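These are the residues of each chain, in order.
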Amino acid sequence: MTYIFPPHPQTLLPIVGSDQFFPVRRIFCVGKNYADHIIEMGGDPNREEPFFFVKPTDAVCVDKNVPFPPRTDNFHFEMELVIAIGTSGSNIAAADAHDYIFGYGAGVDLTRRDLQGEAKKRGRPWAMGKSFDHSAPMSPLQSVKDIGHPESGRIHLSVNGETKQDGDLAQQVWKVPEIIANLSTYVELAAGDLIMTGTPAGVGPLSGGDKVVGEIEGVGSLAFTLGPKPKGE
């Protein structure tokens, strides 16, 4: 087989305690999954059916440096639990959902909030607010055989040493099995898929040079430094 140009490299996530890697297939993200975050964003915290958006596979980055994206003056962090799917399936029952999970990680959903807000006002997709280069920094994954299925645990993020988000996985509106069950009615989930499960309250802006550290108790941690804002913006 020949190509008109070299294929782009496969996106990979390290696995804690292993020399193997997790090949990323797709990234799904759950919107509005912590009541306190829904309230801070001006939404209704009553339990509604979850909704999803996507990020490109190569949004994943495990580098210690993340470039500041262009075309934003309001760039936000959102700390999230990441589900790593290890077995394909569709119309998965919530009671069976754990059987489809390889493991978990910690991730940050970076967001151009100004672009997202403008898209919301105009009834347009969120893609340019959410789905851009390097918009999903992540930790290495931990396998289920090592950590089980975390249902509670502190999830927190700091910027330049100051805590900004501090919640608990138990505060999720939709729990991991429910998320998988619902999403699998829309698409057939496959090994390599990642699901970012929403963020607690405390989201806020980042500036060039900021040092971001996020951690989920019993799951993992990540840290990165944000590059300078592009000149002329």
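For the structure itself, consult the block above.
Residues numbered from 1 in each chain as written. Predicted model: local features only at pLDDT ≥ 70, side-chain atom pairs only at ≥ 80, totals over all residues. Heavy atoms only, no water.

(A) Examining the overall build of the chain more closely. Scanning the chain from N- to C-terminus turns up five helices and 18 strands. The C-alpha atoms of the chain give a radius of gyration of 17 Å, which matches the 17 Å a tight globule of 233 residues would have. Oriented by its inertia axes, the alpha-carbon framework of the chain measures out at about 50 × 50 × 35 Å. For the chain, the residues scored as buried account for 48% of the 233 residues in total. When contacts within the chain are restricted to residue pairs at least 6 apart in sequence, those whose partners lie at least 24 apart make up 77%. Of the roughly 11300 Å² of accessible surface on the chain, a fraction of 52% belongs to carbon and sulfur atoms. Of the charged side chains in the chain, 21 are positive and 29 negative, and the gap between their average positions amounts to 8 Å. (Helix = DSSP H or I, 4+ residues; strand = E, 2+ residues; numbered from the N terminus. Rg over C-alpha atoms; globule rule 2.2 N^0.38 Å. Buried < 20%, exposed > 50% of the residue type's maximum accessible area, 1.4 Å probe, protein only. Contact = heavy atoms within 4.5 Å. Areas by Shrake-Rupley, 256 points an atom, 1.4 Å probe, with all protein chains shown as cover. Lys, Arg positive; Asp, Glu negative; His and termini not counted. Charge placed at Lys NZ, Arg CZ, Asp CG, Glu CD.)

(B) Here's a closer look at the sheet that holds strand 16 (residues 204-205). Here three strands make up an open sheet; going across it, the order is 10-7-16 and the pairing antiparallel. Across the chains shown, the open sheet's two edge strands, defined by having one partner strand only, are strand 10 (111-112) and strand 16. (Pairing = 2+ DSSP bridges.)

(C) Focus on the sheet that holds strand 15 (residues 194-196). Reading across from one edge, 4-3-15-8-9-12 is the order of the six strands in this open sheet, with mixed pairing throughout. Strands with a single pairing partner mark the edges of an open sheet, and in this sheet they are strand 4 (51-55) and strand 12 (142-143). Inspection of the sheet shows strand 8 (residues 79-85) paired to strand 9 (residues 101-108) by seven bridges, in the antiparallel sense. Bridging across to strand 9, A84 finds its partner in G103. The strands that helix 5 (residues 176-183) touches are strand 3 (27-31), strand 4, strand 8, strand 9 and strand 15; relative to strand 8, the one it contacts most, it runs at about 60°. (Axes fitted to C-alpha atoms, helices over the stretch in contact; angles between N-to-C directions.)

(D) Layout of the pairing of strand 17 (residues 211-216). Alternating positions in strand 17 separate cleanly, V212, G214 and I216 being buried on one face and K211, V213 and E215 remaining unburied on the opposite face. Judged from the five bridges that link them, strand 13 (residues 154-159) and strand 17 form a sheet pairing that is antiparallel. Note on strand 17: the bridge partner recorded for S158 is V213. Bridge count for strand 17 against strand 18 (residues 220-226) is six bridges, and the pairing is antiparallel.

(E) View of the side chain of T197. As for its position among the elements, T197 is in the loop between strand 15 and strand 16. Polar side-chain contacts of T197 include one of 3.1 Å to the side chain of Q172. Sequence-distant contacts of T197, that is, excluding residues within four places in its chain, are made with V30, N33, Y34, E80, L81, I83, Q172 and I179. (Polar contact = N/O pair within 3.5 Å; in protein donor to acceptor, adjacent residues only side chain to side chain.)

(F) Geometry of the pattern of salt bridges. Going through the model one piece at a time under the given rule, you end up with twelve salt bridges. Between D109 and K55 there is a salt bridge; the shortest N-O distance is 2.8 Å. Of this pair, D109 sits in the loop between strand 9 and strand 10 while K55 sits in strand 4, placing them 54 residues apart in sequence. The same class applies to D109 and to K55, which are both buried. Note that E118 is salt-bridged to R122, the shortest N-O span being 2.7 Å. Residue E118 and its partner R122 are both found in helix 2 (residues 113-122); the two are separated by four residues, about one turn of the helix. E118 sits in the partly exposed class, given a relative accessible area of 31%. (Salt bridge = Lys/Arg side-chain N within 4 Å of Asp/Glu carboxyl O.)

(G) Molecular detail of the packing of aromatic side chains. Under the defined criterion, the tally for this structure stands at six aromatic pairs. Among the aromatic side chains, those forming a connected cluster through ring pairs are F51, F53 and W126. Taking NZ or CZ as reference, K55 lies 5.8 Å from the ring centre of F132, over its face. (Phe/Tyr/Trp six-rings, centres within 6.5 Å; stacked < 30°, edge-to-face > 60°. Lys NZ or Arg CZ within 6 Å of the ring centre and 35° of its normal.)

(H) Spotlight on helix 5. Helix 5 sits mainly inside the fold: seven of its eight residues count as buried. For helix 5, the set of buried residues is V176, P177, I179, I180, A181, N182 and L183. Looking at the buried side of helix 5, the elements it contacts are strand 3, strand 4, strand 8, strand 9 and strand 15.

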